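Inside the fold
Okay, here's what each chain looks like letter by letter:
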Amino acid sequence: MHDYLAIHPEVAEALQARKAVVALESTIISHGMPYPRNVETARLVEQTLRDGGAVPATIAVLDGRIRIGLTDDDLEHLATSKSVIKVSRRDLPVALATRADGATTVAATMICAALAEVPVFATGGIGGVHRGAESTLDISADLDELAITNVAVVCAGAKAILDLPKTVEYLETRGVPVLGYGTDELPAFYTRSSGIKLASRCDDPLTVARILRAKWQLGLKGGVVIANPIPQSAALDQGMIDGAIAQALTDADEQGISGKEVTPFLLSRMEELTGGASLEANIALVRSNAAVAASIAHAYAELNT
Amino acid sequence: MHDYLAIHPEVAEALQARKAVVALESTIISHGMPYPRNVETARLVEQTLRDGGAVPATIAVLDGRIRIGLTDDDLEHLATSKSVIKVSRRDLPVALATRADGATTVAATMICAALAEVPVFATGGIGGVHRGAESTLDISADLDELAITNVAVVCAGAKAILDLPKTVEYLETRGVPVLGYGTDELPAFYTRSSGIKLASRCDDPLTVARILRAKWQLGLKGGVVIANPIPQSAALDQGMIDGAIAQALTDADEQGISGKEVTPFLLSRMEELTGGASLEANIALVRSNAAVAASIAHAYAELNT
Amino acid sequence: MHDYLAIHPEVAEALQARKAVVALESTIISHGMPYPRNVETARLVEQTLRDGGAVPATIAVLDGRIRIGLTDDDLEHLATSKSVIKVSRRDLPVALATRADGATTVAATMICAALAEVPVFATGGIGGVHRGAESTLDISADLDELAITNVAVVCAGAKAILDLPKTVEYLETRGVPVLGYGTDELPAFYTRSSGIKLASRCDDPLTVARILRAKWQLGLKGGVVIANPIPQSAALDQGMIDGAIAQALTDADEQGISGKEVTPFLLSRMEELTGGASLEANIALVRSNAAVAASIAHAYAELNT
Ligand SMILES: [Mn+2]
Ligand SMILES: [Mn+2]
Ligand SMILES: [Mn+2]
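Residues numbered from 1 in each chain as written. Chains lettered and ligands numbered in written order. Predicted model: local features only at pLDDT ≥ 70, side-chain atom pairs only at ≥ 80, totals over all residues. Heavy atoms only, no water.

Turning next to the interface of chain C and chain B. Listed as interface residues are 26 residues of chain C and, on the opposing side, 24 residues of chain B. Both sides of the chain C and chain B interface together cover about 2,200 Å² of buried area, and 63% of this is carbon and sulfur. Of all residues in chain C, C:R89, C:R90 and C:L137 bury the most surface against chain B, accounting for 29% of the area lost on that side. Our enumeration of links across chain C and chain B arrives at two salt bridges. One salt bridge in this structure joins B:E172 and C:R90, with 3.9 Å as the shortest N-O distance. Between chain C and chain B we count two residue pairs in polar contact (both at pLDDT 80 or more) in total. Every element with two or more residues in the side of chain C that touches chain B is listed here: α5 (92-97), α6 (106-115), α7 (133-136) and α8 (141-148) of chain C. At five residues, α5(C) tops the list of elements feeding residues into the side of chain C that touches chain B. Broken down by class, the residue content of the side of chain C that touches chain B amounts to 13 nonpolar, five polar and eight charged. (Contact = heavy atoms within 4.5 Å. Buried area = accessible area lost by both parts, 1.4 Å probe. Salt bridge = Lys/Arg side-chain N within 4 Å of Asp/Glu carboxyl O. Polar contact = N/O pair within 3.5 Å; in protein donor to acceptor, adjacent residues only side chain to side chain. Helix = DSSP H or I, 4+ residues; strand = E, 2+ residues; numbered from the N terminus. Nonpolar A, V, L, I, M, F, W, Y, C, P; charged D, E, K, R; others polar.)

One pass over the full model with this rule turns up zero disulfides over all chains. Cysteine B:C202 remains unbridged, with the sulfur of B:C155 as its closest cysteine sulfur at 13 Å. (Disulfide = S-S within 2.5 Å.)

Once chain A is rotated about the relating axis by 120° and shifted along it by 0.0 Å, it coincides with chain C to within an RMSD of 0.0 Å. Interpreted geometrically, this transformation is the action of a three-fold axis. No C-alpha of chain A lies nearer the rotation axis than that of A:E134, which sits 3.6 Å from it. (Least-squares fit on C-alpha atoms with pLDDT ≥ 70 in both.)

Okay, helix α3 (residues 37-51) of chain B next. All names here are of chain B. Helix length check: α3 (15 residues) gives 20 Å between terminal C-alpha atoms against 21 Å at 1.5 Å per residue, within 8%. Three or more residues of α3 are buried, namely N38, V39, T41, A42, V45, E46, T48 and L49. Looking at the packing, one finds that the buried side of α3 touches β2 (21-24), α2 (27-30), β3 (55-62), α4 (72-80) and α13 (277-303). Directly after α3, the chain includes G53, whose backbone phi takes a positive value near 85°. (Expected span 1.5 Å × (residues − 1). Buried < 20%, exposed > 50% of the residue type's maximum accessible area, 1.4 Å probe, protein only.)

Function-wise, these values are silent; they only describe arrangement.
And the structure:
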């Protein structure tokens, strides 16, 4: 057996007792928000899970091991260190073998959660098909991970800077269920609706849990997207956000931003362009997703006991 | 163990005795043809299989279970009910968990056939890369299923409303064998030839069976497409069918048809535009595919006894 | 058990003793170079492996079996016979079942190496996304194979006739590590640099071996690309090679070359256009890759004993 996996005792105990555990990613801490809002948000989201009766399992690569469940010091380190790399599927073995500190993307967090048998994961928004992908082929590894790794991902849809219709098509081709949570439409991250109708809608955690059970008991490998719209009170104005996205994309293009720098650049530029409103919305939606994830983790744990 | 799978006693007995069994899909019944031709065709195709010495296993989701082998009442229900949903890979766990009635697409039928260990499946045409996919990414989940699920699919190629050259490229990238059955070219559904040369040709069921055995014994996961041209006597005129496809695509575009409504809309529009000729061709080619599938299922069963 | 696999006694002994073994492909012999340079190169590359302390395992399909390790007569046969087909993933079961002689592409060689548990493979360049793939979807099955089959592929990047930026994006989406070996950039086959920055760089075989161990011990299926630039002394002039590629692509287009004929046509046309310089460069980079592969196979074998 390998020893690449280190599960925090609190998480290990909860898993052992078949209690609700929810995974959290760490790219949002190191590459998604400015300090100190990043570490404050990480703690807030962990607290939201605890308030919902679930044990938080924030995931990162530290000292050559995958850590499932972080200490407060770990969170602070991820939030402040400049040497933390962004770790997706392709980077995970490299980070482990070279003992680099790594913040896990949605794809890598799914992998690590599945290794630790944590079935539910809360995040802000998944990656997707980038705008202009017809000429660049720039498509997030998150989508392929959803096709093969057994984790339910609660999110506010894909990040709005992406091409949402193409992202939905790609997920359909790959056979990934996308469940509108209390909605018939794909949410658009900062706003509640995108105009894209989804094939399936769920209105309660038990139905989601039953779908997860059916999928995985049949041996249908892969994840499930639970698309939970941003709370009404926190949603941004559609016109304002559309303008900011257009501007941020133009800026990225003019400055030649590419590869894994694109998403962090756009999120940071959006924050400036919206006078901080996009950051507040992002925090609100992540907390809302954590609350939904806790309830689904509960329902799923109960189905299996 | 789960109890999502219900195998009809006749099918279970045939499988137990290692006799030839052929899977059939149900989307063609509920979403592919008008009543009563749909149920008549379903019965005709089952009879064609029996005449070829194989047991038919029509597949659908009913009452929260995957049914392998349907009764006559089930066929009638699928042919007439308005509440039957179209179930592809992503929809399968949702239909099971919510106890929705579902007609299975090629992708979902492959999954269910593989679960029941039925290795051969007859249909009309597989899904593929949609025309205009370079700007929409609309690619059928059937193609990804063929890359991972061990079922041989006998068809008249991909539906002609699709982009056939791109469909062949996609299958090559995914490593799916496409065997021209008695032909060097990909058939074009309503017509016998597409101008697209295939890498492999087979002229008899035993050769196909040997290829299936080699693929699966080596552990090379995924399906095989057996592309069987429509019988000469039933083939439509190329010019007529090209005009009807162009018109139907224009109509779909103008009416804003999208997602899983596209294929049913186009097939139905084609029927109107060809004065019913496309429907007759569709029925003829499905029956021809069933006859070939029965012979392959026989040869494969014999190789394994 | 099947008997599709025939491992040469020398290779079997080396594997048994956990010594370094390196796989080699055979398409380069039958479809990649003119006679007699093809067979001479095959022998030279085997000798390079031996000089590096590794046992060569050249792979092909002969007489209905996958052969791991070939005799000198086998090499001569592959180099001269006109009936040897090019075998990728989709073709492998067909070649076996029909007892066709087949030269294995990168994808098929990976499959066969994995079946024989040979973890390292040296080649010239992998396939990739073809130029113009946004309108053709012509993407090599090598890339999908890298996503699922556990073999490390030492190469000089993807063949330069391809679209290198799209190839890198595709590999990222599929989660395949691409390690610059002694470089921060993707090499461009005939030249040492492409301007495309890679996420990971390795400067020694032990680091590569540790990455392979981490990836596979975690159960992260798939290959790793070790991108080793052509030796400085053998690299071609960038302007000369760009011109030759442009001309070769134009010629292929005008002559309507398509499918699996594209790469052999382009390589052969490049040789004419460069007065043989592209062929010499190709031989030099394959030998350099073999030397690196031998050192990685050593380091990996030692990690596991
Ligand atoms: Mn990307
Ligand atoms: Mn679609
Ligand atoms: Mn191709």
